[in-house]
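Architecture and fold: a report
For reference, the chains in residue letters:
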Amino acid sequence: MFLAFQYPQEIAGVSVLNFLRQALSGRKGIDLSVLELRLAIMEWMERLEMDPSFLDRYLNEGFSGGEKKRNEILQMAILEPELAILDETDSGLDIDALKVVAKGVQEVAAGPARARRALHHALQRLLEHLQPDRVHILIDGRIVDSGGMELAERLEEHGYESWRS
């Protein structure tokens, strides 16, 4: 399982590359060299329009909101989780970064690991790029309605009030 946070924490002293190396080693039981992992990551960094220098920076330290989100999608792509939970993925993203991140999420979901993904509090502008298969409305920890994209559109237009009564 992979969890992307609304506000990813900074971890001083741990580079993105070393974080991914340790996480991948724990996830898959393989111990790639730093060079092997760096080469494996480069394609995803290009897709996510990330500068390769990010690999040597400390995890999320000094990253903008868009850089943090791209970094999380990079982590998700490399770790290939069976389930990915993304909490307010559009938080802090401008429209260009939103498109890049949404495309990355789509590509991970369509890739060999075919990660199922759940978006928490996804806003309409993100859903326009991701086109969900199913939408669920949760209130007080219970699913109160399920449907397709039309449910998300209704929620955006009317808010949660019609489900609370």
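The sections below set out a description of the structure shown in this document. (Residues numbered from 1 in each chain as written. Predicted model: local features only at pLDDT ≥ 70, side-chain atom pairs only at ≥ 80, totals over all residues. Heavy atoms only, no water.)

1. Things to note about the overall build of the protein
The number of helices and strands found in the protein is 7 helices and 7 strands. Counting from the amino terminus, helix and strand elements in the protein follow one another as β-β-α-α-β-α-β-α-β-α-β-β-α-α. Against the 2.2 N^0.38 benchmark of 15 Å for 165 residues, the protein shows a C-alpha radius of gyration of 17 Å, consistent with a compact globule. Relative to its full complement of 165 residues, the protein shows a buried share of 41%. Taken as a whole, the protein presents about 9400 Å² of accessible surface, with 49% of it coming from carbon and sulfur. Positive and negative side-chain charges in the protein, numbering 19 and 28 respectively, have mean positions lying 4 Å apart. (Helix = DSSP H or I, 4+ residues; strand = E, 2+ residues; numbered from the N terminus. Rg over C-alpha atoms; globule rule 2.2 N^0.38 Å. Buried < 20%, exposed > 50% of the residue type's maximum accessible area, 1.4 Å probe, protein only. Areas by Shrake-Rupley, 256 points an atom, 1.4 Å probe, with all protein chains shown as cover. Lys, Arg positive; Asp, Glu negative; His and termini not counted. Charge placed at Lys NZ, Arg CZ, Asp CG, Glu CD.)

2. Some thoughts on unusual backbone geometry
We note that Asn-60 has phi near 65°; this positive angle belongs to a residue other than glycine. One can find Asn-60 in the loop between strand E3 (58-59) and helix H3 (65-79). Residue Asn-60 is classed as buried on the basis of its relative accessible area of 4%. A positive phi angle, close to 50°, is found at Glu-80, a residue other than glycine. For Glu-80, the location among the structural elements is in the loop between H3 and strand E4 (83-87). Glu-80 sits in the partly exposed class, given a relative accessible area of 27%.

3. Digging into the nonpolar core
One finds Ile-41, Leu-74, Met-76 and Ile-78 to be the most contacted residues of the largest nonpolar core, which totals 34 residues. The set of elements that each furnish at least two residues to this core consists of strand E1 (2-4), helix H1 (16-28), helix H2 (34-47), H3, E4, helix H4 (95-110) and helix H5 (124-130). Setting aside residues up to four positions removed in sequence, Leu-74 forms contacts with Leu-20, Ile-41, Trp-44, Met-45, Leu-48 and Met-50. Among the nonpolar cores identified, the runner-up in size contains 9 residues, and Val-135, Ile-137, Met-149 and Trp-163 belong to it. (Core = buried A, V, L, I, M, F, W, Y, C linked by side-chain atoms within 4.5 Å. Contact = heavy atoms within 4.5 Å.)

4. Regarding the side chain of Asn-71
Structurally, Asn-71 is set in helix H3. For Asn-71, the side chain forms a polar contact with the side chain of Asn-60, separated by 3.5 Å. For Asn-71, the residues in contact, after removing those within four places along its chain, are Val-16, Met-50, Leu-59, Asn-60 and Phe-63. (Polar contact = N/O pair within 3.5 Å; in protein donor to acceptor, adjacent residues only side chain to side chain.)

5. Describing the packing of aromatic side chains
Taken as a whole and assessed by the stated rule, the structure comprises 1 aromatic pair. Here the aromatic rings of Phe-54 and Phe-63 are separated by 4.9 Å at their centres, their planes lie at 75°, and the arrangement is edge-to-face. You can call Phe-63 buried: its relative accessible area is 7%. One cation-aromatic arrangement involves Arg-47 over Trp-44; the distance from NZ or CZ to the ring centre is 4.2 Å. (Phe/Tyr/Trp six-rings, centres within 6.5 Å; stacked < 30°, edge-to-face > 60°. Lys NZ or Arg CZ within 6 Å of the ring centre and 35° of its normal.)

6. Section: the side chain of Gln-6
When you line up the elements, Gln-6 lands in the loop between E1 and strand E2 (11-15). Exposure remark for Gln-6: the relative accessible area of 18% places this residue in the buried category. Among the polar contacts listed, one links the side chain of Gln-6 to the side chain of Tyr-7, at a separation of 3.2 Å. Among all residues touching Gln-6, those that are not within four sequence positions of it are Lys-69, Asp-87, Glu-88 and Ser-91.

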